[in-house]
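Analysis of the macromolecular model
Spelled out, the chains give:
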Amino acid sequence: DAEITQSPRHKITETGRQVTLACHQTWNHNNMFWYRQDLGHGLRLIHYSYGVHDTNKGEVSDGYSVSRSNTEDLPLTLESAASSQTSVYFCASSDRTGGADTQYFGPGTRLTVL
Amino acid sequence: QKEVEQNSGPLSVPEGAIASLNCTYSDRGSQSFFWYRQYSGKSPELIMSIYSNGDKEDGRFTAQLNKASQYVSLLIRDSQPSDSATYLCAGDSSGGGADGLTFGKGTHLIIQP
C-alpha cells in the first residue's frame, strides 16, 4: 500500500547542531509539505514543494530549508537548531483529486532541542 | 493574513448525541475546506472535504459550507467514545492553489459514555 513515512520518529539534539528530518512518500504525489505543530499555534506551514527541484517558503520558514531531488522525498533541514524549534513536525503530500488539494500526513517526528 | 478560527473547547457531548463543530475563515478566496481528526500523539487524519456550498454527508459525518458567511461546520451523528479527539478545520489558499492549508487550532471533543 502507498504510504508516507517520517524518520526519525523522535530526536533529541543540542542547540546549534544541524538536523535533518526525512520524509518519504510512495503515493507518487507531486506536492509535499512540512508543518510544525505546537500547543497554542496549531499546524503551521514551514516549506512546500510542487515537484522535483521546486521549493517554496511557508509561514514559518526561518531557520529551515528543504530540497527536492526526486518525487518521493522532501527532507527538512534545521541549519542551526534552536530551542524554539522544539516541536512536532509533520510531513504531508497531496494530489488534486476532484480539483482540491487533499493532503495526507505522515506519522510525525517529535524533535527536542536542548 | 489568512486565518481559520475554531473554538478550542473542550466540547463535551453525551454518547449517541450529535456533536457540532464549527469553524470560520478569513480568506474569502478559499475554495476547499477539510476536516481532520487527530488523536493525542497521532497525525491528522482526513475525515471530510467540502468544496461547494451546502451539505456533504459521509456515514455519520456531515460537513456544511456557507461561503457567504465564511463558515464551515462538521456534524457527527450518533457520537461514539472513539470520536473523542481534536478536530482540525483547514482551508486552502485563494484560488485553490497547492501551497499548503491554513489550519485552525482545533476543537477538543469529548464523548461521554
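This text goes with the structure placed above it.
The following paragraphs examine the structure supplied in this document. All of these numbers come straight from a predicted model, not from anything done at the bench.

**A closer look at the sheet that holds strand E7 (residues 64-66) of chain A**
All names here are of chain A. Taken in spatial order, the four strands of this open sheet run E1-E3-E8-E7, and their pairing is antiparallel. Of all strands in the sheet, those bounded by a partner on one side alone are strand E1 (4-7) and E7. Across this sheet, the average inter-strand angle for adjacent strands is 20°, counted without regard to direction.

**So, the packing of aromatic side chains**
Each aromatic ring pair is summarised here by two numbers: the centre-to-centre distance and the angle between the ring planes. As enumerated under the stated definition, the model contains 12 aromatic pairs over all chains in all. Geometrically, the ring pair formed by A:Tyr48 and A:Tyr50 is tilted, given 5.7 Å between the ring centres and 55° between the ring planes. Classification of A:Tyr48 as buried rests on a relative accessible area of 10%. Look at A:Tyr50 and you get partly exposed, because its relative accessible area is 37%. If you follow B:Lys56 out to its NZ or CZ, it ends over the ring of B:Tyr51, 5.5 Å from the centre. Sitting over the ring of B:Phe61, B:Arg60 keeps its end group 5.5 Å from the ring centre.

**Thoughts on the sheet that holds strand E6 (residues 54-58) of chain B**
Residues and elements named next belong to chain B. Taken in spatial order, the five strands make up an open sheet running E1-E3-E8-E7-E6, and their pairing is antiparallel. Taken across any chain shown, the strands that pair with only one partner, and hence form the sheet edges, are strand E1 (4-5) and E6. As paired strands, strand E7 (residues 61-66) and strand E8 (residues 71-76) are joined by six bridges and run antiparallel to one another. What sits directly across from Asn66, in E8, is Tyr71.

**Topic: the side chain of A:Ser49**
Residues and elements named next belong to chain A. Mapped onto the elements of the fold, Ser49 is located in strand E5 (residues 42-49). Looking at Ser49, its side chain comes within polar contact range of the main-chain oxygen of Asp54, at 2.6 Å. For Ser49, the residues in contact, after removing those within four places along its chain, are Asn30, Asn31, Met32, Asp54, Thr55, Asn56, Arg68 and Leu74.

**A word on the state of the cysteines**
Residue and element names in this part refer to chain A. A full pass over the atoms with the stated rule returns two disulfides over all chains. A sulfur-sulfur distance of 1.8 Å marks the disulfide that ties Cys23 to Cys91. On the S-S bond that ties Cys23 to Cys91, the torsion sits near -70°, and the link is left-handed. Placement of the pair is Cys23 in strand E3 (residues 19-25) and Cys91 in strand E9 (residues 87-95), with a sequence separation of 68 residues. By the burial criterion, Cys23 is buried, and Cys91 matches it.

**Let's talk about the nonpolar core**
Residue and element names in this part refer to chain B. Within the largest apolar cluster, 22 residues are counted, with the highest numbers of intra-cluster contacts made by Trp35, Val72, Leu74, Ile76, Tyr87 and Leu109. For this core, the secondary structure elements donating two or more residues are strand E3 (19-25), strand E4 (33-38), strand E5 (45-50), E7, E8, strand E9 (85-91) and strand E11 (107-112). No other element matches E3, which puts four residues into this core. Apart from the residues lying within four places of it in its own chain, the contact partners of Ile76 are Ala17, Ile18, Ala19, Leu21, Arg60, Phe61, Asp83, Tyr87 and Leu109.

**Overview of the environment of A:Cys91**
The class of A:Cys91 is buried, set by a relative accessible area of 0%. In this view, A:Cys91 contacts A:Ile4, A:Gln6, A:Cys23, A:Met32, A:Phe33, A:Trp34, A:Tyr104, A:Phe105 and A:Gly106; residues no more than four positions away in its chain are not counted.

**A word on unusual backbone geometry**
Of the consecutive residues A:Ser7 and A:Pro8, the connecting peptide bond is found in the cis state with omega at -10°. Residues B:Gly9 and B:Pro10 are joined by a peptide bond in cis, for which omega reads 10°. Looking at where B:Pro10 falls in the secondary structure, it is placed in the loop between E1 and strand E2 (11-14). With a phi angle near 70°, A:His53 is a residue other than glycine that sits in the positive phi range. Here A:His53 shows up in the loop between E5 and strand E6 (56-57).

**Remarks on the pattern of salt bridges**
Pairing is possible between side chains that carry opposite charge, provided their charged atoms lie close to one another. Residue and element names in this part refer to chain A. Here the structure, examined in full by the defined rule, presents six salt bridges over all chains. When the shortest N-O distance is used, the salt bridge between Arg36 and Asp38 registers 2.8 Å. Asp38 matches Arg36 in its accessibility class, with the two residues each being buried. Three or more residues are tied together by salt bridges with common partners; here these are Arg36, Asp38 and Arg44.

The rules behind these values
- Per-chain numbering applies: the sequence of each chain, read as written, is numbered from 1 onward.
- Chain A is the first chain written and ligand 1 is the first ligand written, with later ones labelled in order.
- Residue-level local features of this predicted model are given only where pLDDT is at least 70; pairs of side-chain atoms are given and counted only at 80 or more, and the full residue set underlies all totals for whole chains, interfaces and linings.
- Think of the side-chain values as coming from all heavy atoms in the structure, minus any hydrogens and water.
- The rule for pairing is simple: two strands pair if DSSP sees at least two bridges between them.
- Helix and strand definitions here come from DSSP, where helices need a minimum of 4 consecutive H or I residues and strands a minimum of 2 consecutive E residues; each element is numbered from the N-terminal end.
- Here an angle of 0 to 180 degrees is reported between the N-to-C directions of two axes, which are lines fitted to C-alpha atoms, with helices fitted over the stretch in contact.
- Aromatic rings from Phe, Tyr and Trp, taking only the six-membered ring of Trp, are treated as a pair when their centres fall within 6.5 Å; an angle between ring planes under 30 degrees marks them as stacked, one over 60 as edge-to-face, and anything in between as tilted.
- The rule is simple: take the accessible area with a 1.4 Å probe, protein chains only, and divide by the maximum for that residue type; under 20% is buried, over 50% is exposed, in between is partly exposed.
- Lysine and arginine charges are scored as sitting over a ring when NZ or CZ, respectively, is within 6 Å of the ring centre and within 35 degrees of the ring normal.
- Whenever two N or O atoms come within 3.5 Å, that pair is a polar contact, provided that in protein one can donate a hydrogen and the other can accept it, and provided that, for residues adjacent in sequence, both atoms are side-chain atoms.
- Any two residues whose heavy atoms approach within 4.5 Å are treated as being in contact.
- Throughout, disulfides are identified as pairs of cysteine sulfur atoms within 2.5 Å of each other.
- Put simply, a nonpolar core is a bunch of buried Ala, Val, Leu, Ile, Met, Phe, Trp, Tyr and Cys residues held in one set by side-chain atoms that sit within 4.5 Å of each other.
- Only one rule defines a salt bridge in this text: a Lys or Arg side-chain nitrogen within 4 Å of an Asp or Glu carboxyl oxygen.

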